[in-house]
Amino acid sequence: MKHSVDLVMAARPNFMKVAPLYHALSRENAWCNLRIVHTGQHYDANMSHAFLRDLKLPEPHVHLGVGSGTHAEQTAGVMLAYERACLAHRPDWVVVVGDVNSTVACALAASKLDIGVAHLEAGLRSGDRTMPEEKNRVLTDALADLLWTPSPDADANLAREGIPASRIARVGNIMIDSLEMVRSSIEGAAKPAALGLQPGQYAVVTLHRPSNVDEPNMLSRLTGVLRRLASRLPIVFPVHPRTRARLEGNGMWNELSAAPGLKIVEPESYIGFMSLVFGAAYVLTDSGGVQEETTYLGIPCLTMRSTTERPITVTEGSNRLVTVESVEDSVNEALSGRWQRGRVPDLWDGRAAKRIVNSLRETIGV
Ligand code: UD1
């Protein structure tokens, strides 16, 4: 008897977690009927389609088409649509990844139908309950029947929340599988050259968290920092739609896009973005995934947040938390070569998808 498995993807950071698992599970067709579900949380070509193409993902089998909205609208919209999809074609298991609104929405809809829920990238905690993603992480992990973690800190967080060890499997970091899967395309992409930049002679910035971009005073201070930093070393800044909307809404867009040394570009595809990161002297970010990718590559990462749900990137890797006050000193350190290079954490080895398939087979008994 075949077991049917839904793989859910929704937003930009999900695609590089789903892709290696999709490719690994596709080879298990003796026992697994695989269906890709796209909730539509991210819908722009450069926030979604470009990632499917880069990561060799097929057109999703099911499109929920939910789109943007308030948190409740988006979460409830995904729940309603995914429940209908499950009633029309009931999977045995659903795999949700990461911490976006669609992750918790699909986990809850499936769990109420007594469908097995597996959470990939379980156990990460920033400890900051004001982050929408932290609420999504805690709720998804409470619902999940099978929790796949990337690092020992995640196992410890789950134990502290009373989740039985029998449900937890440490599988490592799936993002590294994606990176290694398309490494040669990344190395061949020559994105920096296309922007007139020399490897090692520029920085990459990404900022989109509500805590950085939703409050006009913080956003204004950040734009000041970016203008000063770009006057020292060119910066490439692929701007997220949320950030662009806030910059335009607060009348900061024109001044920032005209700043000397600052290249504001559209959100990049996965391969284009990683090609920029590969050659960066440092990266300034508030993304979760970028903290991990830079740790893997040993590139100085300055994270503009007061907490991280990925502490191993600070304790073992090349990541450091910074503030608007401290960031310029940290950039000086990064550029002077006095930055910790760190080491690659255990099980961040490009073989996470294989371990996940083994864990799923063991749980299902095939
Ligand atoms: C979401 C995730 C966040 C993740 C981020 C990466 C949640 C709670 N947050 O935040 O964890 O780091 O994605 O991108 O799920 N928009 C577009 N085009 C798109 C997608 C969004 O224009 O393709 C606009 C929306 O209309 C909205 C804004 O961007 O105005 C925010 O989108 P949304 O998906 O709600 O949250 P993100 O801020 O992207």
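Just above sits the structure.
Predicted model, so just to flag it, every value in this text is computed and none were measured. (Residues numbered from 1 in each chain as written. Predicted model: local features only at pLDDT ≥ 70, side-chain atom pairs only at ≥ 80, totals over all residues. Heavy atoms only, no water.)

### With respect to the nonpolar core
- Core analysis: the largest hydrophobic core is formed by 59 residues, its most contacted members being Leu25, Leu57, Trp148, Tyr270 and Leu360.
- Top contributing element to this core by residue count: helix α1 (residues 12–26), with eight residues.
- Beyond its immediate sequence surroundings of up to four residues, Trp148 is in contact with Val95, Ala118, His119, Leu120, Glu121, Ala122, Ala169, Val171, Ile356, Ser359 and Leu360. (Core = buried A, V, L, I, M, F, W, Y, C linked by side-chain atoms within 4.5 Å. Buried < 20%, exposed > 50% of the residue type's maximum accessible area, 1.4 Å probe, protein only. Helix = DSSP H or I, 4+ residues; strand = E, 2+ residues; numbered from the N terminus. Contact = heavy atoms within 4.5 Å.)

### Observations concerning the environment of Pro150
- Mapped onto the elements of the fold, Pro150 is located in the loop between β6 (146–149) and α6 (152–160).
- With 103 residues separating them along the chain, Pro150 and Trp253 place their C-alpha atoms 38 Å apart.
- Leave out the neighbours within four places in its chain, and Pro150 touches Glu121, Ala122, Leu124, Arg170, Gly172, Asn173, Asp346 and Trp348.

### Notes on the sheet that holds strand β11 (residues 282–285)
- Taken together, six strands build an open sheet; the order of strands is β10-β9-β8-β11-β12-β13 and the sheet is parallel. Bordering the open sheet on either side are β10 (262–265) and β13 (319–321), each of which pairs with just one other strand. When the angles between neighbouring strand axes are averaged without regard to direction, this sheet yields 20 degrees.
- With three bridges joining them, strand β12 (residues 301–303) and β13 adopt parallel strand pairing. Note on β13: the bridge partner recorded for Thr303 is Leu321. (Pairing = 2+ DSSP bridges. Axes fitted to C-alpha atoms, helices over the stretch in contact; angles between N-to-C directions.)

### What about the sheet that holds β6?
- A sheet is described by the order of its strands in space; here seven strands give the open sequence β3-β2-β1-β4-β5-β6-β7, paired in parallel fashion. Only two strands of the sheet have a single partner each, and these edge strands are β3 (62–63) and β7 (168–170).
- Where strand β1 (residues 3–9) meets strand β2 (residues 32–38), seven bridges bridge the pair, whose relative direction is parallel. Along β2, the bridge assignment pairs Val8 with Val37.
- Along the sheet, helix α18 (residues 352–364) makes contact with β1, β4 (93–97), β5 (116–120), β6 and β7, crossing β6 at roughly 160 degrees.

### Remarks on the site of the ligand
- Close to the ligand lie 20 residues, the nearest being Gln41, Tyr43, Ser68, Glu133 and Arg242.
- Asp44 has a polar backbone atom sitting 2.9 Å from an oxygen atom of the ligand.
- Between the ligand and His240, the relevant distance is 2.8 Å, taken from an oxygen atom to a side-chain nitrogen or oxygen of the residue.
- Protein chains bury 85% of the 750 Å² of accessible surface belonging to the ligand in isolation.
- Sorting the residues of the shell around the ligand by element identifies α3 (71–88), α5 (132–143) and α12 (241–249) as the ones contributing at least two each.
- Among the elements that line the shell around the ligand, the one with the most residues is α5, at three residues.
- Looking at the shell around the ligand residue by residue, the class counts come to six nonpolar, nine polar and five charged. (Near = heavy atom within 4 Å. Polar contact = N/O pair within 3.5 Å; in protein donor to acceptor, adjacent residues only side chain to side chain. Areas by Shrake-Rupley, 256 points an atom, 1.4 Å probe, with all protein chains shown as cover. Nonpolar A, V, L, I, M, F, W, Y, C, P; charged D, E, K, R; others polar.)

### Notes on the pattern of salt bridges
- Within the structure shown, the criterion is met by 30 salt bridges.
- Arg320 serves as the salt-bridge partner of Glu333, at 3.1 Å between the closest nitrogen and oxygen. You can see Glu333 sitting in helix α17 (residues 327–335) and its partner Arg320 sitting in strand β13, a full 13 residues away along the chain.
- Classification of Glu333 as partly exposed rests on a relative accessible area of 22%.
- Put simply, Lys17, Asp99, Glu121, Glu134, Arg137, Glu292, Arg305, Glu309 and Arg310 are held in one network by salt bridges that share partners. (Salt bridge = Lys/Arg side-chain N within 4 Å of Asp/Glu carboxyl O.)

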